[in-house]
Every structure is written in C-alpha cells, then in structure tokens.
Amino acid sequence: MKESDSEKLKLFRETYKDLEGIYDIFPKLCGLSGTEYWALTMINEGITTQHGICERLTLSRQTVNSAFRQLRKKGLIRLEALDDNLRVKHIYLTEAGNAFVEKELQHMHGLEQAVWQMFEDNEKDELVRLLDKYKTLLLKKLKDYKKNETDSSEDLQSQL
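Residues numbered from 1 in each chain as written. Predicted model: local features only at pLDDT ≥ 70, side-chain atom pairs only at ≥ 80, totals over all residues. Heavy atoms only, no water.

Broken down by element type, the protein chain carries seven helices and two strands. Its C-alpha atoms give the protein chain a radius of gyration of 19 Å, more than 25% over the compact-globule value 15 Å for 160 residues. Along the three orthogonal principal directions, the C-alpha set of the protein chain runs to about 55 × 45 × 25 Å. Sequence-distant contacts in the protein chain: of pairs separated by 6 or more residues, those separated by 24 or more amount to 44%. Here the protein chain has roughly 12,000 Å² of accessible surface; of this, 53% comes from carbon and sulfur atoms. (Helix = DSSP H or I, 4+ residues; strand = E, 2+ residues; numbered from the N terminus. Rg over C-alpha atoms; globule rule 2.2 N^0.38 Å. Contact = heavy atoms within 4.5 Å. Areas by Shrake-Rupley, 256 points an atom, 1.4 Å probe, with all protein chains shown as cover.)

What follows is about the layout of surface pockets. For the largest pocket, the calculated volume is near 2,200 Å³. Lining the largest pocket are 39 residues, with Y16, L19, E20, Y23 and L131 sitting closest to its centre. Counting only elements with at least two residues in the lining of the largest pocket, the list comes to α1 (3-30), α2 (34-44), α3 (50-57), α5 (95-116), α6 (121-148) and α7 (154-159). Looking at the lining of the largest pocket, the element that brings in the most residues is α1, giving eleven residues. Residue composition of the lining of the largest pocket, by class: 23 nonpolar, seven polar and nine charged. (1 Å grid on protein atoms, 1.4 Å probe; cavity = no way out; pocket = protein on both sides within 12 Å on 5 of 7 lines; lining within 4 Å. Points joined across faces, edges and corners; volume = space filled by probe spheres on them. Nonpolar A, V, L, I, M, F, W, Y, C, P; charged D, E, K, R; others polar.)

Encoded structure:
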C-alpha cells in the first residue's frame, strides 16, 4: 500500500471512530445505555422480537436481554408472549415508552436529519454509495478470510 493510501485509510478509521463517538453521545443525552437506545429505536421502527433486534444490532442475546430488563424497569417497554409459542416474546413500547421515543429519540433523529439536509443531494447519494461499497467489499474480504482460516471462531461465522 502506498504511503498516501495508508495515511488515507488511517484518516478514514479515525473519522469513523469519531463518528461512532458522536453516535455514542445520543444515548447519554437521553439517559440510556447505547444498547437501550438502539433497542428502543429498533422497536420504534417495527422490529419487535429479541432475535430481530439482536440480529440487526449484531449484539448477543444476553446484552439485549439486559437492556430489555432496564427498559422494563424504566417502564418504557412491555413483553408479551405469543399465544402459539410462549418462548417467543414480542416487545412493545408502553405509553411512557411512546412518549419517551417521541420526546428524546425523535429529537436526536431530528438533529441528525437537520445535518443530513445540509448536504447536497448528490453528496448524500455519494456518501451512501461509497459507504455501502466499502461495507460490501470489507464483508466479502472477511468471508474470504474466514474460508481460508481453519480455526475461525464461531462469533465471526455467525456475524458473516
């Protein structure tokens, strides 16, 4: 890799990490853990099973369970077992949960939307296109790596 490419990749990683850090501020401003915040976001977007939320957030069942416990303590969600399968529970926002989402999460998403609107349409398209391309190519490289590794871990396999 050329020196300038190496520096650009380093800058990309630093920028990505900084952006992650900014997104880590959202939950704190709402008085939630990161997992609680993103679980509420997923529930609000219609993902109502623990499996679905774990899969979407690429988090373990235990981590999401812990967040659900805290969200239930705060009165923001309720769990209901399915009639035909008591092991599967759907997660719903309570009245307080809906109010919380409306006030806190929607406010955070509004800030994000306001920044997004500062971009030109072509910039939005290009940003999404390039990040999707990077994600797709990186995932392919990880899958190729996994195929070539005989001692690859279960965690990597389940995430790919």
